[in-house]
Amino acid sequence: MFMCRIFAAALAEGKVSPILKIGLKRLEYGGYDSAGMATINGDHLEIKKGVGKIDEVDKAVNFESLEGNVGIAHNRWATHGYPSVTNAHPIVDCTGNIAVVHNGVIENFLELKEDLIEKGHVFKSRTDTEVVAHLVEEELKEEKDFVNACLKAIKKVEGSYALAIIYSKEPDKIVLVKKESPLYLGIGKDGNFASSDPVAFVDKTNLMIPLEDYELAVITPYYYKIYSINTGNIITRKPTEINITPQMIEKGGFPHYMLKEIFEQPTSLYYAMNIQKPYLEAIAELMYRSKINFLVGAGTSYHSCLAASYMYSKLAGLATIPVVASEFIHQYGNTLDPDTSLLLVSQSGETADVLKVASFARMKASTVMAITNVVSSTITRLSRLYLVQQAGPEIGVAATKTYTSQLLIHLLLALEIGKKREKISEEEFKDYFAKIRSIPKIAESILKNTEQKVKEVAEILKDSSHIFYLGRGINTATAFEGRLKMLEIAYIPSSAFSAGESKHGPIALIEKNTPVIFVAPNDSSRRVILGNIMEIKSRGGKIITLGNSDDKELKEVSDIYIEMPESEDILTPILYVLPLQLLAYYTAVLRGLDPDKPRNLAKSVTVE
Ligand code: M6R
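Residues numbered from 1 in each chain as written. Predicted model: local features only at pLDDT ≥ 70, side-chain atom pairs only at ≥ 80, totals over all residues. Heavy atoms only, no water.

Engineer: Explain helix H10 (residues 299-316) to me, and be specific about the residues and the numbers.
Structural biologist: An ideal rise of 1.5 Å per residue puts 26 Å on 18 residues; H10 measures up with 25 Å between its terminal C-alpha atoms. Of all 18 residues in H10, 14 are buried; the element is thus mostly enclosed. Where H10 terminates, the next one or two residues include Gly-317, which has phi positive at roughly 60 degrees. (Helix = DSSP H or I, 4+ residues; strand = E, 2+ residues; numbered from the N terminus. Expected span 1.5 Å × (residues − 1). Buried < 20%, exposed > 50% of the residue type's maximum accessible area, 1.4 Å probe, protein only.)

Engineer: Pulling in residues and values, what's your account of the sheet that holds strand S17 (residues 320-324)?
Structural biologist: Sheet architecture is open: five strands sit in the order S17-S16-S18-S19-S20, paired in parallel fashion. Because the sheet does not close on itself, it has two edges, and the strands there are S17 and strand S20 (385-388). Strand-to-strand twist across the sheet, computed as the mean angle between neighbouring axes with direction ignored, equals 20 degrees. Pairing of strand S16 (residues 292-297) with S17, which is carried by five bridges, proceeds in the parallel orientation. Bridge pairing in S17 links Val-296 to Val-323. Packed on one face of the sheet, helix H9 (residues 277-289) meets S16, S17, strand S18 (340-346), strand S19 (367-372) and S20 and runs near 135 degrees to S20. Contacting S16, S17 and S18, H10 runs over the sheet at an angle of about 150 degrees to S16. (Pairing = 2+ DSSP bridges. Axes fitted to C-alpha atoms, helices over the stretch in contact; angles between N-to-C directions. Contact = heavy atoms within 4.5 Å.)

Engineer: Give a detailed account of the side chain of His-256, specifying residues and quantitative values.
Structural biologist: Here His-256 lies in the loop between helix H6 (246-249) and helix H7 (257-263). Looking at His-256, the relative accessible area reads 15%, which means it is buried. Here the side chain of His-256 touches Tyr-585 through a polar contact of 2.7 Å, side chain to side chain. Ignoring any residue separated from it by four or fewer positions in sequence, one finds His-256 in contact with Lys-251, Tyr-585, Val-589, Asp-594, Pro-595 and Asp-596. (Polar contact = N/O pair within 3.5 Å; in protein donor to acceptor, adjacent residues only side chain to side chain.)

Engineer: Describe the site of the ligand, with residues and values.
Structural biologist: Near the ligand lie 15 residues; those nearest to it are Ser-301, Ser-346, Ser-348, Thr-351 and Glu-488. A distance of 3.3 Å is found between a nitrogen atom of the ligand and a backbone nitrogen or oxygen belonging to Val-397. Lys-485 is positioned such that a nitrogen or oxygen atom in its side chain is 3.0 Å from an oxygen atom of the ligand. Summarising the interface, the protein chains cover 91% of the accessible area of the ligand, which totals 410 Å² for the free molecule. Put simply, the parts of the chain that give the shell around the ligand at least two residues each are H10 and helix H17 (476-490). Of the residues in the shell around the ligand, the class split is six nonpolar, seven polar and two charged. Both domains that meet at the shell around the ligand, namely domain 2 (254-437) and domain 3 (445-601), each give it at least three residues. (Near = heavy atom within 4 Å. Areas by Shrake-Rupley, 256 points an atom, 1.4 Å probe, with all protein chains shown as cover. Nonpolar A, V, L, I, M, F, W, Y, C, P; charged D, E, K, R; others polar. Domains from an automatic or database assignment.)

Engineer: Help me get a handle on the pattern of salt bridges, residues and values and all.
Structural biologist: Summed over the entire model, instances satisfying the criterion amount to 29 salt bridges. Here Glu-143 makes a salt bridge to Lys-152, at a shortest N to O gap of 3.3 Å. For Glu-143, a relative accessible area of 17% gives the class buried. The salt bridge involving Lys-462 is made with Asp-463; its shortest N-O contact spans 3.8 Å. The exposure class assigned to Asp-463 is exposed, which follows from its relative accessible area of 63%. Taken together, the shared-partner salt bridges in this structure form one network comprising Arg-526, Arg-527, Asp-551 and Glu-553. (Salt bridge = Lys/Arg side-chain N within 4 Å of Asp/Glu carboxyl O.)

Engineer: Explain the packing of helix H3 (residues 109-118) against helix H4 (residues 130-142) to me, using residue names and the numbers behind them.
Structural biologist: When two helices pack together, their arrangement is given by the angle between their axes and by how far apart the axes lie. The contact between H3 and H4 brings their axes to 10 Å, and the two run at 45 degrees. Classified by the angle between their axes, H3 and H4 sit oblique to one another. For H3 against H4, the interelement crossing comes out left-handed. Judged by residue contacts, Phe-109, Leu-112, Lys-113 and Leu-116 of H3 engage Val-131, His-134, Leu-135 and Glu-138 from H4. Of the residues contributing to the contact of H3 with H4, the split by class is five nonpolar, one polar and two charged. (Parallel < 35°, antiparallel > 145°, perpendicular 65-115°, else oblique. Left-handed = near helix turned anticlockwise from the far one by under 90°.)

Engineer: Please give an account of the environment of Thr-240 that cites residues and values.
Structural biologist: Tracing the backbone shows Thr-240 in strand S15 (residues 240-241). Between the C-alpha atom of Thr-240 and that of Ala-490, which follows or precedes it by 250 residues, the distance is 38 Å. Setting aside residues up to four positions removed in sequence, Thr-240 forms contacts with Asn-206, Leu-207 and Met-208.

Engineer: Please provide a residue-by-residue account of the sheet that holds strand S3 (residues 44-51), values included.
Structural biologist: Within the open sheet, the eight strands sit side by side as S3-S2-S4-S1-S10-S9-S11-S15. Their pairing is antiparallel. With one partner strand each, in any of the chains shown, S3 and S15 form the two edges of the open sheet. Relative to strand S10 (residues 191-195), strand S1 (residues 5-11) is paired through five bridges, and the arrangement is antiparallel. Paired with Ala-9 across the strands is Phe-193, a residue of S10. In this fold helix H1 (residues 17-26) packs onto S1, strand S2 (34-41), strand S4 (70-76) and S10, with an angle of close to 155 degrees to the strand it touches most, S1. Contacts from helix H2 (residues 54-61) reach S2, S3 and S4, with the element oriented near 125 degrees to S3.

Engineer: With reference to specific residues and values, describe H3.
Structural biologist: Those residues of H3 lying buried are Phe-109, Leu-112 and Leu-116. All buried residues of H3 lie within an arc of 65 degrees about the axis, which places them on one face of the element. Facing away from the buried side of H3 by over 90 degrees, the exposed positions are Leu-110, Glu-111, Glu-114 and Glu-118. The elements touched by buried residues of H3 are strand S6 (98-106) and H4. Note on H3: the residue one or two positions beyond its end, Gly-120, has a positive phi of about 105 degrees. (Arc of directions from axis to C-beta.)

Engineer: Account for the packing of helix H11 (residues 325-332) against helix H12 (residues 352-363), with residues named and values stated.
Structural biologist: Packing of H11 against H12 brings their axes to within 7 Å, and their N-to-C directions diverge by 35 degrees. Along its contact with H11, which presents Ala-325, Ser-326, Phe-328 and Ile-329, the element H12 presents Asp-353, Val-354, Lys-356, Val-357 and Phe-360. Of the residues assigned to the contact of H11 with H12, the class counts are six nonpolar, one polar and two charged.

Engineer: Account for the domain arrangement of the protein, naming residues and giving values.
Structural biologist: With domains assigned, the protein is organised as domain 1 (5-250), domain 2 (254-437) and domain 3 (445-601). Taking the mean C-alpha position of each, domain 1 and domain 2 sit 34 Å from one another.

Engineer: Any chance you could break down the environment of Tyr-82 for me, citing the residues and the numbers?
Structural biologist: With respect to the helices and strands, the residue Tyr-82 is situated in the loop between S4 and strand S5 (91-92). A C-alpha to C-alpha distance of 16 Å links Tyr-82 and Ala-370, two positions 288 residues apart in sequence.

Engineer: An account of the side chain of Asn-75 is needed here, citing residue identities and associated values.
Structural biologist: Mapped onto the elements, Asn-75 comes out in strand S4. Judged by its relative accessible area of 0%, Asn-75 falls in the buried class. Only 3.4 Å separates the side chain of Asn-75 from the backbone oxygen of Leu-24, close enough to count as a polar contact.

Engineer: I'd like a rundown of a negative patch on the surface, residues and numbers included.
Structural biologist: On the surface, a cluster of negative charge is made up of Glu-107, Glu-111, Glu-114, Glu-118 and Glu-158. Residue position: Glu-107 is located in the loop between S6 and H3. Under the relative-accessibility criterion, Glu-107 is labelled partly exposed at 41%. (Patch = residues over 30% accessible without salt bridge, like charges linked within 9 Å, V, L, I, M, F, W, Y side chains within 5 Å. Lys, Arg positive; Asp, Glu negative; His and termini not counted. Charge placed at Lys NZ, Arg CZ, Asp CG, Glu CD.)

Below is the structure:
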């Protein structure tokens, strides 16, 4: 489970449950569909958990009734398995003596589970996390020391994790393990703490130690120790001071959720890359077999459909029809039949226009499938198959990380169908995959390297009366998405066109210094887009170009040039939208607006 949050505390004195509850509340932004807590009371575990927001679960179970001074807690934002009491953390082993909370994804959990079942373990939940509890239980049969058992168990686990594990037979200890998911120790005078985010313990201590990947730590009320998982050696690391306020850290140190979510994209892209393979293959198979394939979404999700139609065409030779959800029934309703497939895209899974299409298509016996970011959303119930983006909760009203993760999932589907249709060879498939694997890192460097320049552009654009966004080919969608971001949070009237269309009308609006943003990667449309730039330039437009860092010609004709790294054309929509998201964000901020709460908009539009 990505984007869940964990919290653990070992106190020298007093009940831990009230402190865990306060910490969980502070971590609620990271997940809110179920919550739970486990404490050690004497020689046994006490556990309370339930479905819903923390206050709702607390009302039902009364967290503070848990006794004991050592405990772990979790809030969950479901991806694998519906939110339910059984799937809520903490998760226990067969004996009920070991409890685990987890943030991350255990990639080899199916193999591990099969092996453990063969050894006689009984699984109760549908979570990937449960294998950890049983693995530790299994190791404890031979290895009597809890910490050593955890060190052995974790070596078998592949994937990402921030784990907190307790064992009722060694009641003072909490074992923490980290790889890829964040995990911090809080070193206090009256106890020690650990959490995905120091906000959970920021009022208890101002000393923290960030754990590194492949490290295991033990905290007790009186001491902490850190071990290398690989060598078992003890690591010495001194605590550092926390110089952040609880208010700041709730947004991960960012002033707004939107900016936080923009910068989360390297991670959300990584998670999209590791999407549930069997469902991906099944959706690819159904699209492959269908006579007609529609891609349907609203707003940003529609833009991902538009970009995707180029991906399916280029990589799979498959024609797909991208359609705005609110228009679908009028435009294509009468054409639906059992040979038609619809891939519906909705981050919330609750957009009324999209749900209406789903119900309508089901009535026509067409195949309804979905990509969504919310596992328990309505769209998952209306779809024959669905893929969960695993981008983590998106709180900012402007969709950012969910857009790029949708694009990546479409790309994976297009590759899968391309293989089936024999449009790409096994070798090309591997080659694309290698490039896809590098996306999170490239995205990270783009965000870092373009931010300053983008701020300068925002300063120039902030008082504009109209901004144009032009792109070609697959990046027509990028222009549309850049425009939507600017419109919805900075309220600057903006237009976007396929650059080839500009001379069929929109160019009439170009006056001296009208800002025109060109999305111009080094792809097959680069030559023609240069022509379009010249057309606008000769009419006085201010040319702002996003292009390849070594494209001297484009640089020369542009007034402002945002340098982008060389990349495969099919990947450019994922990368080129990043500076445009930042641009909308900084322009809104300079205009004194709150990008997280744009006027008239809601995160999910549940009315037609
Ligand atoms: O939840 P959905 O993806 O179905 O939402 C669709 C649109 O409402 C959404 O993309 C909207 O356009 C965003 N505000 C864009 O930033």
